[in-house]
Amino acid sequence: MITTSSLLTICISAFLAVFLLLLILAIVMHLIVIIFPEKSSAINPIVIAAVSSTMSSIFPNSKITKIEEIK
Amino acid sequence: MGTVNQLLQQSGFANLTWGNLVMFIIAGTLIYLAIVKKYEPLLLIPIGFGTILANLPLADLGSYGNGIIALIYKQGIRTELLPPIIFLGIGVLTDFRPLLGRPMTFLLGAAAQLGIFVAAIGAAYLFGFSYREAASIGIIGGADGPTSIFITSQLAPHLLGPIAVAAYSYMALVPIIQPPILRLLTTKKERYIDMPQTKPVSKTAVILFPIITGIVAALGVPSSAPLIGMLMFGNLIRECGVTERLRKTAGGALIDIVTIFLGLVVGATMDSLHFLNLKTLMILILGILAFAFSTAGGILFAKLVNLFMPGSKKINPCIGAAGVSAVPMAARVVQKFVSDNTDGTVNPLMPAMGPNVAGVIGSAVAAGVFLTLLG
């Protein structure tokens, strides 16, 4: 039998549970984002676009699979 | 002549009650709001028409009767089938990147569930509802229609109509409910806090998110698994990039079909016998209180967090209000409010989307906890 006072307990417990679960998810996802960072392209996208358009105008049926920048 | 008399007596006209007529007016209002004001039309149109069907005397088209609507109610709502399918579609349609880019906003989504618990306590202590009824009413504060329907169908099915209508109506009224609370609880200086864009999130992290969240939430609160599990499955088929057909179906035809059934059935719970009573009025009052406290919870928690943050990392407390999970309306309301109050210099739409989508998870977890403790 649940008493009237226990509804308060249920609500406090539920609120804490929501907080705890989302805190765990926040920590885990923070770690995941650090472990698997977004790889930024080493070559400027403008350079990629320029090379692609130049190549396709010279060799219309060619397909560019790799662009390497040597500094 | 006798036969004609008998026919007339068995017609709906002869059996109409004042209650039916009042419900027709309420249904007409819902349909009007949907068509003219564009308030949640995908839901208010089926709910409004379902209400009309349920109040046609002798037609037996109410959810609590024995007709075809009752069949959908028994097989779709009482079995917990339809709300999780809606969550599948929501998962497909939701981009969680703003949340992953700023994981701290998970906590704002949790804080913005405050109204659920305040309303539940108020419902039990002030208005004398049973615990199961109070928990169902409180979930209105989660600003999440399917979650409200999911928990109410289990804990207080006789209150399904008013609770669902309150949840969807107040979701539509977020642009009216939230700005005064934002104005009351934030200073001009706080509204000017401009949060930087987050770093892009990798595809690997985006794919791992639904898998990890599904497992962690279902292990932590198993009762929330039908909602969170389907939400995360939907998000996985959105992000994995190899299930285009499933993504299109779940986020398009499937969610539309289920919305039609869900709306009609919820509307059909609103026959005059079940709807026109004092409890409905109390639920509407508690529902708006739940929304207000949830909004305040998110804002105040953001202000609390700011006490411990260095100057450059402070968050705009207004985004806490977006933690109520009316996606994406709450985030848009916050963005508009901040923009209007900063002469357009601060536009925190993406920062507000983080707590906004976290709120979807938060309200589903809260529902799961209630089901565990009261189910």
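Notes on the structure follow. (Residues numbered from 1 in each chain as written. Chains lettered and ligands numbered in written order. Predicted model: local features only at pLDDT ≥ 70, side-chain atom pairs only at ≥ 80, totals over all residues. Heavy atoms only, no water.)

1. Points about the overall build of chain B
When helices and strands are tallied, chain B shows 21 helices and zero strands. Relative to the compact-globule value of 21 Å for 375 residues, chain B shows a C-alpha radius of gyration of 22 Å, a close match. With the C-alpha coordinates of chain B rotated into their principal frame, the extents come out at 85 × 45 × 40 Å. In chain B, which comprises 375 residues, the share counted as buried stands at 57%. Once local pairs closer than 6 in sequence are excluded, the contacts in chain B between residues at least 24 apart make up 77%. (Helix = DSSP H or I, 4+ residues; strand = E, 2+ residues; numbered from the N terminus. Rg over C-alpha atoms; globule rule 2.2 N^0.38 Å. Buried < 20%, exposed > 50% of the residue type's maximum accessible area, 1.4 Å probe, protein only. Contact = heavy atoms within 4.5 Å.)

2. Quick word on the interface of chain A and chain B
How big an interface is tends to be reported as the loss of accessible area on association of its parts. In this complex, chain A contributes 28 residues to the contact, which on the side of chain B involves 38 residues. Here chain A and chain B share an interface that buries about 2900 Å² over both sides, 87% of which is from carbon and sulfur atoms. Contact with chain B buries area across many residues of chain A, yet Leu 7, Leu 22 and Met 29 of chain A alone supply 21% of it, more than any other trio. Taken together, the links from chain A to chain B amount to zero salt bridges. Seen at the junction of chain A and chain B, the total is one residue pair in polar contact (both at pLDDT 80 or more). In terms of residue class, the side of chain A that touches chain B is built from 22 nonpolar, five polar and one charged. (Buried area = accessible area lost by both parts, 1.4 Å probe. Salt bridge = Lys/Arg side-chain N within 4 Å of Asp/Glu carboxyl O. Polar contact = N/O pair within 3.5 Å; in protein donor to acceptor, adjacent residues only side chain to side chain. Nonpolar A, V, L, I, M, F, W, Y, C, P; charged D, E, K, R; others polar.)

3. Let's talk about helix α17 (residues 244-268) of chain B
Note: α-helices contain 3.6 residues per turn, so residues at a spacing of three or four share the same orientation. Residue and element names in this part refer to chain B. With 25 residues, α17 ought to run about 36 Å at 1.5 Å a step, and its terminal C-alpha atoms sit 35 Å apart, in line with that. Along its length, α17 reaches its greatest deviation from straightness, about 40 degrees, at Ala 250. Every buried residue of α17 is listed here: Ala 250, Gly 252, Ile 255, Val 258, Thr 259, Leu 262, Gly 263, Leu 264, Val 265, Val 266, Gly 267 and Ala 268. On its buried face, α17 sits against α4 (41-54), α5 (68-77), α6 (82-93), α11 (145-155), α12 (160-172) and α16 (225-239). (Expected span 1.5 Å × (residues − 1). Bend = angle between axes of the 7 residues up to and from the residue.)

4. Thoughts on a nonpolar patch on the surface
All names here are of chain A. Together, Leu 20, Leu 23, Ile 24, Ile 27, Leu 31, Ile 34, Ile 35 and Phe 36 line one region of the surface with nonpolar side chains, adding up to about 710 Å² of accessible area. With respect to the element layout, Ile 27 can be found in helix α1 (residues 4-35). For Ile 27, a relative accessible area of 46% corresponds to the partly exposed category. (Patch = residues over 30% accessible without salt bridge, like charges linked within 9 Å, V, L, I, M, F, W, Y side chains within 5 Å. Areas by Shrake-Rupley, 256 points an atom, 1.4 Å probe, with all protein chains shown as cover.)

5. With respect to the pattern of salt bridges
Residues and elements named next belong to chain B. Per the counting criterion, the structure on display carries seven salt bridges over all chains. Here Arg 238 ties to Glu 239 by a salt bridge, and the two come within 3.0 Å at their closest N and O atoms. Residues Asp 340 and Lys 336 are paired through a salt bridge, measuring 2.8 Å at the closest nitrogen-oxygen approach. Here the residue Asp 340 and the residue Lys 336 both occupy positions in helix α20 (residues 329-341), the gap between them amounting to four residues, near one helical turn. For Asp 340, a relative accessible area of 48% translates into the label partly exposed. Accessibility expressed as a relative area gives 52% for Lys 336, which makes it exposed. Look at the salt bridges and you will find they share partners, linking Asp 95, Arg 97, Arg 238 and Glu 239 into a network.

6. As for the packing of aromatic side chains
All names here are of chain A. Evaluation of the coordinates by the stated rule reveals eight aromatic pairs over all chains. Summarising the aromatic geometry, the rings of Phe 15 and Phe 19 are spaced 5.4 Å apart at their centres and angled 75 degrees between planes, so their arrangement reads as edge-to-face. One end of the pair, Phe 15, and the other, Phe 19, are both in helix α1, four residues apart, so they sit about a helical turn from each other. (Phe/Tyr/Trp six-rings, centres within 6.5 Å; stacked < 30°, edge-to-face > 60°.)

7. Focus on the packing of helix α9 (residues 114-125) of chain B against helix α19 (residues 278-306) of chain B
Residue and element names in this part refer to chain B. It is at 7 Å that the axes of α9 and α19 come closest, and there the two elements cross at 145 degrees. In the crossing of α9 with α19, the sense of the turn from one axis to the other is right-handed. The segment α9 lies against α19, with Leu 114, Gly 115, Ile 116, Val 118, Ala 119, Gly 122 and Ala 123 engaging Leu 286, Ala 290, Phe 293, Ser 294 and Gly 297. A breakdown of the residues in the contact of α9 with α19 according to their chemical character gives eight nonpolar, four polar and no charged. (Axes fitted to C-alpha atoms, helices over the stretch in contact; angles between N-to-C directions. Left-handed = near helix turned anticlockwise from the far one by under 90°.)

8. Some remarks on the layout of surface pockets
All names here are of chain B. Each pocket or cavity is described by its volume, and for the largest pocket that value is around 800 Å³. Lining the largest pocket are 29 residues, and of these Glu 40, Ile 90, Met 171, Val 327 and Pro 328 sit closest to its centre. Those elements giving two or more residues to the lining of the largest pocket turn out to be α4, α6, α11, α12, α17, α20 and α21 (349-374). Considering each element in turn, the lining of the largest pocket owes the most residues, four residues, to α6. A breakdown of the residues in the lining of the largest pocket according to their chemical character gives 20 nonpolar, four polar and five charged. Here the second largest pocket is characterised by a volume of approximately 680 Å³. (1 Å grid on protein atoms, 1.4 Å probe; cavity = no way out; pocket = protein on both sides within 12 Å on 5 of 7 lines; lining within 4 Å. Points joined across faces, edges and corners; volume = space filled by probe spheres on them.)

9. Brief notes about the side chain of Thr 342 of chain B
Residues and elements named next belong to chain B. Structurally, the position occupied by Thr 342 is in the loop between α20 and α21. At a separation of 2.7 Å, a polar atom in the side chain of Thr 342 contacts the main-chain carbonyl oxygen of Val 338. Setting aside anything within four residues of it in sequence, one finds Thr 342 in contact with Arg 191 and Tyr 192.

10. Focus on unusual backbone geometry
All names here are of chain B. Following Val 327, the chain continues to Pro 328 via a peptide bond in cis, the omega torsion being -10 degrees. Within the secondary structure layout, Pro 328 lies in the loop between α19 and α20. Positive phi outside glycine occurs at Asp 343, with the angle close to 55 degrees. Here Asp 343 is to be found in the loop between α20 and α21.

11. Re the side chain of Ser 153 of chain B
Residue and element names in this part refer to chain B. Mapped onto the elements of the fold, Ser 153 is located in helix α11. For Ser 153, a relative accessible area of 0% translates into the label buried. Apart from the residues within four sequence positions on either side, Ser 153 is in contact with Ile 77, Arg 78 and Leu 160.

12. Focus on the environment of Leu 182 of chain B
All names here are of chain B. You can see Leu 182 is positioned in helix α13 (residues 174-185). It is 9.5 Å that separates the C-alpha atoms of Leu 182 and Gly 320, two residues lying 138 residues apart in sequence. The residues touching Leu 182, leaving out its near neighbours within four places in the chain, are Arg 191, Ile 299, Cys 318, Ala 321 and Phe 337.

13. Some words on the environment of Ile 285 of chain B
By the element assignment, Ile 285 of chain B lies in helix α19. Sequence separation between Ile 285 of chain B and Ala 123 of chain B is 162 residues, and the spatial gap between their C-alpha atoms is 9.8 Å.

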